[in-house]
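The residues making up each chain are set out below.
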Amino acid sequence: MTRHLFGTDGMRAVFGTTPLDRPTVQAVGYWFARLCGDGALILGGDTRASRTEIAGWLAAAIRAAGCQVRSAGVVPTPAVAWLVTELGAAGGIVVSASHNPYTDNGVKLIGADGFKVDPSVEQAIEDRIEDWVRRRPRRLPPKAARKRRPKADLPIRAPGDLEDESELADRYLEHLTASLPADRPLAGLRIAVDAANGAGAPYAERFFTGLGANCDVTCDQPDGRNINLDCGSTCTERIAAFTRATGSDLGVALDGDADRALLCDDQGRICDGDILLYVWATHLAACGQLPGRRIVATTMSNMGLEKALEVGKVDVVRCGVGDREVVEVMRREGVRLGGEQSGHLVDLELGTTGDGLLTAAAVAAIVAASGRSLADLAAGFRRFPQTLRNVKVREKQPLESVPGLSEAVASVERELGTSGRVLLRYSGTEALARVMIEGPDQNRIEELCGSITSVLEAELGA
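Residues numbered from 1 in each chain as written. Predicted model: local features only at pLDDT ≥ 70, side-chain atom pairs only at ≥ 80, totals over all residues. Heavy atoms only, no water.

Asks: How should I be thinking about the packing of aromatic side chains in this particular structure?
Replies: The relative placement of two aromatic rings is captured by the distance of their centres and the angle of their planes. Throughout the structure, instances matching the rule amount to four aromatic pairs. Pairing Tyr278 with Phe381 gives two aromatic rings, centres 6.4 Å apart and planes at 55 degrees, and the pair type is tilted. A residue pair is termed long-range when its members are at least 10 positions apart, and Tyr278 in helix α9 (residues 273-286) and Phe381 in the loop between α13 (374-377) and β15 (386-392) qualify at 103 residues. Phe381 matches Tyr278 in its accessibility class, with the two residues each being buried. (Phe/Tyr/Trp six-rings, centres within 6.5 Å; stacked < 30°, edge-to-face > 60°. Helix = DSSP H or I, 4+ residues; strand = E, 2+ residues; numbered from the N terminus. Buried < 20%, exposed > 50% of the residue type's maximum accessible area, 1.4 Å probe, protein only.)

See the structure below:
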């Protein structure tokens, strides 16, 4: 069966619309709990206004499936992942739409091992939901429907009451602090943080101050509707300006669920996930702590990452897009460090999923220990000119079947030769086709990108 509920990072949509409507969310929660078996499921989420209602739906479904529920309340996605293993829970569910606007929300599923569940688990849930829907009574009067209620009908009566356990967030922060080397590893640093009015907002200042840093925080007053609004890792102009205004050594921009972070140096120059991977990998390799002298990065990472790490004899293993894909390849290949250009970075020695607070603290600790600036540590990275364009599409038909597209791509690849590359893919969470080109000249690759996007717009444009 074709998967239609889940994308590259869970299930995501406008709140109240399919699949973020009550019946579908509860069906997902119910069947996930059934698949998890006995035990408790950990719930957590970001600061969106719809989180509480969705969490209530899920709690009722989980209990109907015979499992217990423990709610961590507003916490970063990686907090739920860690708490699952720390508490020996059967699994976890995160209510978040990450960097999307507040009108959206989503559901991310965490397995008992603390990792995001395999797509096969999501497929199993979809199969059970489809079977349940197929066997439900249709267009029957209420009394007849009650008489003929099939066993497959979900025994969920009402949204469940939830009491958040604030001590769970405290345990997570204690774990993060213990993950960093030495006592007060950020002493002497001034750090600016944009908390995106999201899941990291209640914890950012406390966390970085506890590590010894002088910390200034903005966008840490969530009201349910301002998450990611002109702030966070998708609006880096704010953290750049805030870092300069506060005279900070570096800046940190989190996203809505705080599972990723982008940094900037003291001049406000943005360091994306590629630069952070370079700094982190170079440090680990120099300390003899990078097994196999390899990292994992996605097809979207800049060619400059490979060239920069070649100097230190560190190889880059490429994989598909999505932090779940990154982690899967890391585990399979025995690689410690990996991540995405967007700021999803994972160190498997420290966690099972991307963690924006931990990423920022780990890189800041490298800065503090080295006595050098972030700009100096990143100086060995030289970015290849790159352009990325998104095309809104009305449907996601196979790209190879789009008339004229293969010819347009082949023409660009012939011109670039070995000095560049073309990447064409659909977004896993939005109705978008993404076209990325790297090459030696910015103006020319933008022209070449236009030749491809014009075909997409003509054939698939929404």
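So that's the structure; there's more coming.
Asks: Please explain helix α15 (residues 442-460) as it appears in this structure.
Replies: Residues that lie three or four places apart on an α-helix share one face, since the helix turns once every 3.6 residues. End to end, α15 covers 26 Å across 19 residues, agreeing with the expected 27 Å (1.5 Å per residue, within 8%). Among the residues making up α15, those that are buried are Ile445, Leu448, Cys449, Gly450, Ile452, Thr453, Val455, Leu456 and Leu460. Here α15 starts with a cap whose side-chain oxygen sits 3.4 Å from the backbone nitrogen of Asn443, and that cap is Asp441. (Expected span 1.5 Å × (residues − 1). Polar contact = N/O pair within 3.5 Å; in protein donor to acceptor, adjacent residues only side chain to side chain.)

Asks: I tried to follow the sheet that holds strand β8 (residues 250-254) on my own but got confused; where do I start?
Replies: A sheet is described by the order of its strands in space; here five strands give the open sequence β7-β6-β8-β9-β10, paired in mixed fashion. On the outer flanks of this sheet lie β7 (214-218) and β10 (270-271), each paired with one strand and no other. Strand contacts of helix α8 (residues 236-246): β6 (190-194), β7, β8, β9 (261-264) and β10, with the helix running at about 150 degrees to β6, the strand carrying the most contacts. Along the sheet, helix α12 (residues 356-370) makes contact with β6, β8 and β9, crossing β8 at roughly 165 degrees. (Pairing = 2+ DSSP bridges. Contact = heavy atoms within 4.5 Å. Axes fitted to C-alpha atoms, helices over the stretch in contact; angles between N-to-C directions.)

Asks: Would you explain the pattern of salt bridges in this entry?
Replies: A pair can form between side chains of opposite charge whenever their charged atoms are brought close. Within the structure shown, the criterion is met by 26 salt bridges. Across the pair Lys108 and Asp9 runs a salt bridge, and its minimum N-O distance is 3.1 Å. Highlighted residues: Lys108 in strand β5 (residues 104-110) and Asp9 in the segment before β1 (11-14), separated in sequence by 99 residues. Here the two residues Lys108 and Asp9 agree in accessibility, since each one is buried. Notably, a salt bridge pairs Glu328 with Arg332, separated by 3.8 Å at the nearest N-O pair. Within this pair, Glu328 and its partner Arg332 are both found in helix α11 (residues 323-333), separated by four residues, close to a single helical turn. One network of salt bridges, with partners in common, ties together Asp9, Arg12, Lys108, Lys116, Asp257, Asp259 and Asp323. (Salt bridge = Lys/Arg side-chain N within 4 Å of Asp/Glu carboxyl O.)

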